[in-house]
Amino acid sequence: MKNILVTGGAGFIGSNFIKYALQNTGFNLVNFDKLTYAGNLENLTDIEFNDRYKFVKGDICEKDEVEKAVHENEIDTIINFAAESHVDRSILGAKEFINTNVMGTHVLLEVLKDHKLEKYLQVSTDEVYGSLPEDKKEILFTESTPITTNSPYSASKASADLLCNAFHHTFGLPILITRCSNNYGPYQFPEKLIPLMIAKTLNGEKLPVYGDGKNVRDWLYVEDHCSAIIKVLSDGRSGEVYNIGGNNEWYNIDIVKLILKKLGKTDDMIQYVKDRPGHDRRYAIDSSKIADELGWKPAYDFETGITLTVEWYLKNEEWWKKVMSGEYQKYYSENYRDKIS
Ligand code: NAD
Ligand code: TYD
């Protein structure tokens, strides 16, 4: 395993992964990305001339484009980060989610089969397990929790996971699946909770909290997700699913208040808005399998991770202001128009 095709490497987690892997492994990495609204080569300017890194613009739904990249770069491994990744956008329109997340994954699996590659890792999400009860804190998602999808996003990710499982069992292909909880950290697109709330605070705008703000998410610093993926890629057992989490559950409202406090602002900037339809109440991950089997654990506690994240957005105002202009404005007004009365 040496030459890795990192699909979706210009997005939030993919770009953090590329930098982490260049520093911590000897792999050669080809970033294969369509550059949708979420893909941004500015995330990678610090390593763009690294000898072990190369960018190829391409779409995972186009088999010939993937095959060309695989052939020209002697690829032996694929890590699939490429996806439409935002639940709210999947509610506004599911088509692109089905195209990229389901059809695109299928294309990659066909390439894995036809070209007899060494390994394939599907970067999935804890959202495929649905929602946990808020009052039963002892219940967590394990790898055997049934798939129960409530949003078009999670349904598309679960469909991809099921295809991965089928291609492993039917064709004996070397496929691993990781299911991680909510990530946060540098370069996250400011449509997701944490960067959106930081940007809104810095802009002096109201912070839109869905419903009663009591939905619960488990938060993991992005670099810890990257280290877990490397562990699973290197030592994980083919055909297995590995949950990845931070053992770090938070009510949304408490995260929002923490961000305001860190930026020296008060809670009167919070605006409760109409809830997201089908909003999952609680996510919480049991990551004892990856801990016990592969010896992985997160390196960052939440206080460190959130401080680094807030500092990054403070220092990189130009980055987030740029991505929040243009198309973003159209999305923002469409998503929040009916929520804010
Ligand atoms: P992101 O939206 O920031 O980035 C997605 C990237 O995929 C972008 O660079 C985009 O240009 C690229 N892409 C989209 N469609 C493509 C296509 N057809 N062909 C090639 N490239 C394409 O997403 P992210 O937050 O970095 O998430 C990466 C992966 O991790 C996704 O598969 C997501 O489901 C999964 N995941 C995310 C989280 C999270 O909290 N963000 C948690 C668990 C799992
Ligand atoms: P998000 O970052 O979209 O991740 P996911 O839905 O995949 O977990 O949202 C995290 C939580 O924050 C989720 O419960 C929805 C909530 N949320 C808000 O309250 N307001 C917002 O403006 C956004 C984007 C999210």
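Residues numbered from 1 in each chain as written. Chains lettered and ligands numbered in written order. Predicted model: local features only at pLDDT ≥ 70, side-chain atom pairs only at ≥ 80, totals over all residues. Heavy atoms only, no water.

Caption draft 1: The sheet that holds strand β6 (residues 175-180), seen in detail. Taken in spatial order, the seven strands make up an open sheet running β3-β2-β1-β4-β5-β6-β10, and their pairing is parallel. This sheet does not close on itself; its edge strands, each paired only once, are β3 (53-57) and β10 (241-244). Averaged over all neighbouring strand pairs, the angle between strand axes comes to 20°, with direction disregarded. Running at roughly 160° to strand β5 (residues 119-125), helix α4 (residues 95-114) makes contact with β1 (3-7), β4 (77-80), β5 and β6 of the sheet. (Pairing = 2+ DSSP bridges. Helix = DSSP H or I, 4+ residues; strand = E, 2+ residues; numbered from the N terminus. Axes fitted to C-alpha atoms, helices over the stretch in contact; angles between N-to-C directions. Contact = heavy atoms within 4.5 Å.)

Caption draft 2: Seen up close, the site of ligand 2. Of all residues adjacent to ligand 2, which total 20 residues, the nearest are E127, R217, R276, H279 and Y336. Backbone polar atom of Y210 to an oxygen atom of ligand 2: 2.9 Å apart, as the coordinates give it. The separation between an oxygen atom of ligand 2 and a polar side-chain atom of Y336 is 2.6 Å. When ligand 2 sits alone it has 510 Å² of accessible area, and the protein chains cover 98% of it. Elements with a contribution of two residues or more to the shell around ligand 2: α3 (87-92), α6 (193-203) and β8 (207-210). (Near = heavy atom within 4 Å. Polar contact = N/O pair within 3.5 Å; in protein donor to acceptor, adjacent residues only side chain to side chain. Areas by Shrake-Rupley, 256 points an atom, 1.4 Å probe, with all protein chains shown as cover.)

Caption draft 3: Geometry of the packing of α6 against helix α8 (residues 252-262). Interaxial distance between α6 and α8 falls to 10 Å at its minimum, and their mutual angle equals 40°. Taken together, the axes of α6 and α8 are oblique relative to one another. The two elements α6 and α8 meet at a crossing, and its hand is right-handed. On the side of α6, the interface is formed by L193, I194, M197, I198 and T201, while α8 contributes N252, I255, V256, I259 and L260. (Parallel < 35°, antiparallel > 145°, perpendicular 65-115°, else oblique. Left-handed = near helix turned anticlockwise from the far one by under 90°.)

Caption draft 4: Looking closely at the state of the cysteines. The full count for this structure, using the stated rule, is zero disulfides. Among the cysteines around C164, which has no disulfide bond, C61 carries the closest sulfur, lying 14 Å off. Judged by its relative accessible area of 1%, C164 is buried. You can see C226 has no disulfide; the closest cysteine sulfur is in C180, sitting 9.3 Å from it. For C226, a relative accessible area of 0% translates into the label buried. (Disulfide = S-S within 2.5 Å. Buried < 20%, exposed > 50% of the residue type's maximum accessible area, 1.4 Å probe, protein only.)

Caption draft 5: Broad picture of the pairing of β4. Covered by surrounding structure in β4 are T77 and I79 together with I78 and N80, the residues of both alternating faces. Sheet analysis places β1 next to β4, joined by four bridges and oriented parallel. Along β4, the bridge assignment pairs L5 with I78. With four bridges joining them, β4 and β5 adopt parallel strand pairing. Bridge pairing in β5 links I79 to L121.

Caption draft 6: Up close: the environment of Y331. Position of Y331 among the secondary structure elements: in helix α12 (residues 327-337). Distance from Y331 to R179, taken between C-alpha atoms, is 27 Å for residues 152 residues apart in sequence. In this structure, Y331 is in contact with H86, D88, R89, L92, E191 and Y336, ignoring residues within four places of it in sequence.

Caption draft 7: Representation of the packing of α6 against helix α10 (residues 302-315) within the structure. In the contact formed by α6 and α10, the axes pass within 10 Å of each other and the chain directions differ by 50°. In terms of their interaxial angle, α6 and α10 are classed as oblique. By crossing handedness, the relation of α6 to α10 is classed as right-handed. Across the interface between the two elements, I194, P195, I198 and L202 of α6 pack against I306, T309, V310, Y313 and L314 of α10. Classifying every residue of the contact of α6 with α10 gives eight nonpolar, one polar and no charged. (Nonpolar A, V, L, I, M, F, W, Y, C, P; charged D, E, K, R; others polar.)

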